[in-house]
Amino acid sequence: MNKMQTYPLPDSASAALKWSMALPPTLLILSLVSVRLSAINLTTYIMNELGTPQFFAIAILLLNLSMTISSPVGGKLSDLFGRKRLVLWGLVPFILSVLVCGLTSNIYIFLAAFFTLGFSYGLCSTMHNGMVADVFGGTDRVRFIAYLTSAQSLAQMLAPVIAGMLADLFTPKMALMGIGSLAIAAWLLVCFCYPDIRYRDKKAQIDFAGIGALVLTVAPFTLALTLGGKQLPWTSPVTVGMLLVSVAGLALFISVENRAAEPVIDFGLFRIRSFLPMAMFTAFCLPAQLLALSYTVMYGNQVLGFSAAQTGAFGILQILAIIMAPMVGNWLSRTRDYRKSFGIAGILLLLFGLGMLFVMSPSVSYITILIFMLIQSLAMNFDLTPNTAMMSLILPAEKRGVGMAFMGFSFYIMNTLASAVFGLILNNVPGGIEYSFRYMAMAVTGLCVIRLVVLKFYIHNPEIPGE
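Source: prediction; values computed, not measured.

Asker: I'd like a rundown of helix 11 (residues 286-302), residues and numbers included.
Answerer: Between its first and last C-alpha, helix 11 extends 23 Å over 17 residues, near the 24 Å set by a 1.5 Å rise per residue. Helix geometry: helix 11 is bent most strongly at A292, by close to 35°.

Asker: Can you explain empty space enclosed by the protein? Please cite residues and give values.
Answerer: Applying the stated criterion across every chain, the model contains one cavity of 30 Å³ or more. In this structure, the largest cavity occupies an estimated 40 Å³ of space. The wall of the largest cavity is formed by V73, K76, L77, L80, Q205, I206, D207, I211, E262 and V264. Looking at the lining of the largest cavity, the element that brings in the most residues is helix 2 (residues 56-81), giving four residues. Grouping the constituent residues of the lining of the largest cavity by class yields six nonpolar, one polar and three charged.

Asker: Describe in detail unusual backbone geometry, supporting the description with residues and values.
Answerer: Its identity as a non-glycine residue notwithstanding, S274 has a phi of 75°, on the positive side. As for its placement among the helices and strands, S274 is situated in the loop between helix 9 (237-259) and helix 10 (275-283). Classification of S274 as buried rests on a relative accessible area of 4%. Residues other than glycine seldom take positive phi values, yet R336 does so here, at roughly 55°. Position of R336 among the secondary structure elements: in the loop between helix 13 (318-335) and helix 14 (338-358). For R336, a relative accessible area of 11% corresponds to the buried category.

Asker: Tell me about the nonpolar core, and please be specific about residues and values.
Answerer: One finds F114, L291 and F352 to be the most contacted residues of the largest nonpolar core, which totals 136 residues. By residue number, the principal contributor to this core is helix 1 (residues 15-50), which donates 13 residues. In this structure, L291 is in contact with T296, F352, M356, F422, F437, M440, A441 and V444, ignoring residues within four places of it in sequence.

What counts as what
- Counting starts from 1 at the beginning of each chain's written sequence and moves along it residue by residue.
- Residue-level local features of this predicted model are given only where pLDDT is at least 70; pairs of side-chain atoms are given and counted only at 80 or more, and the full residue set underlies all totals for whole chains, interfaces and linings.
- The side-chain figures draw on all heavy atoms in the structure; neither hydrogens nor water molecules are used.
- Every helix listed is a DSSP run of H or I at least four residues long, and every strand listed is a run of E at least two residues long, numbered separately from the N terminus.
- Take the number of residues in a helix, subtract one, and multiply by 1.5 Å to get its expected span.
- The quantity called bend is, for any residue, the angle between two axes fitted respectively to the seven residues ending at it and the seven beginning at it.
- A pocket here means an open set of points on a 1 Å grid, computed over the protein atoms alone, that has protein on both sides within 12 Å along at least five of seven lines. A cavity is instead a set of points where a 1.4 Å probe fits but cannot get out; residues with an atom within 4 Å of a point line either one.
- Grid points are joined across faces, edges and corners, and a volume is the space filled by probe spheres set on the points.
- Any residue outside Ala, Val, Leu, Ile, Met, Phe, Trp, Tyr, Cys, Pro, Asp, Glu, Lys and Arg is labelled polar, Gly included; the first ten of those are nonpolar and the last four are charged.
- Exposed residues in this analysis have more than 50% of their type's maximum accessible area, buried residues have under 20%, and partly exposed residues fall in between, with area computed by a 1.4 Å probe over protein chains only.
- Side-chain atoms within 4.5 Å link the members of a nonpolar core, which is a set of buried Ala, Val, Leu, Ile, Met, Phe, Trp, Tyr and Cys residues.
- The contact criterion used throughout is that any non-hydrogen atoms of two residues lie within 4.5 Å.

Okay, here's the thing in structure tokens:
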């Protein structure tokens with residue numbers, strides 16, 4: 001690594017230099033996603049080995065809760081100390097927690113390690129995009145962000161399969177530690193091949209009060225949405241109490257952040273043109289993804305009698321993301337027409353919602369469902385890559401980490417909220433998934449319409465200096 005090199009790199013920089021800068025964030029996101037998905041898939045087998053299968057839901061809850069809490073914290077710390085330092089420090093507990101999960105035979109130690117795994121994942125989960133935005137400018141930034149999206153899709157498709165094969169060959173614990181070795185390779189690559197870029201010259205001030213208030217807000221809210229209607233009735237004193245604590249925590253968080261010198265979530269971000277509308281636009285696509293990947297599979301199995309192989313084929317559509325993401329990135333690097341890409345995404349997702357609402361029935365054919373699943377996958381490709389690329393352009397460099405982390409935070413919250421709402425519909429509409437699916441599709445279609453309204457009036461193409 002050339003210590004005299006300035007960043008972002010000019011478009012005229014050599015291909016070798018560009019790829020040497022792109023490999024660390026690429027391996028970072030590959031390792032993070034691979035370990036998280038492998039951990040989720042292997043935990044049920046590890047729990048059976050430990051003789052504690054009843055703790056599986058608790059483990060997943062701890063993982064999701066810790067990721068949600070830590071994601072905005074990681075973004076802010078990366079702005080204060082630099083993306084490289086945050087990743088190097090954040091990956092250490094990540095690697096150690098994988099090792100502990102693979103070695104311990106105590107369920108409580110396993111759960112503590114699983115919480116640490118999720119927390120450290122949340123710290124680092126959006127760093128790959130910030131790392132690319134820091135070292136690349138111009139058209140290269142969009143192209144390499146698209147390659148990262150492709151790499152993430154590849155990990156989502158292959159990691160559970162490879163982890164399962166390793167578990168069959170060895171043991172689930174050894175499989176998890178084997179996949180975890182990717183994180184060690186990522187740490188070494190970031191340490192020795194990625195530059196230490198910082199935008200703050202003054203002494204960093206960590207907002208501990210804001211972090212505490214954020215935990216007080218997010219933790220009970222996430223617990224209430226996750227447990228409500230399942231382990232706890234929605235009207236139970238515990239559920240209502242958690243929601244009230246969350247509201248009080250939110251009021252405290254806003255008060256603390258307004259006075260903080262370096263707030264965890266800078267409310268000034270919301271004054272940046274298109275920032276909040278873009279966060280809403282992309283977060284609102286997650287219920288459609290949940291409907292496609294979870295409840296459409298359930299409908300296919302329970303109502304239509306599809307085999308596991310048939311519903312499993314829906315996941316093969318991830319290949320489309322691997323192919324399409326670089327194509328969308330190259331197109332955007334030439335046209336810079338982000339609104340057009342969002343428009344395509346919005347229309348395609350609305351078609352998916354309408355299809356699920358009016359076409360899904362006990363007589364629908366397999367090929368028809370497959371077509372609508374393909375439409376949903378295409379919509380995501382025209383949404384996620386442009387969103388990250390445009391965020392990297394409209395956010396100031398010194399706020400890039402917290403801005404992108406806020407996006408990840410909003411995704412976690414929306415996914416939890418959608419899961420709670422869909423679960424509420426499923427548990428309260430008579431007739432099970434056959435009759436409740438339509439109400440889920442109505443909710444998704446409504447959000448798709450809101451997305452198009454937000455795009456029409458509130459999202460604008462960024463002004464790019466020199467163009």
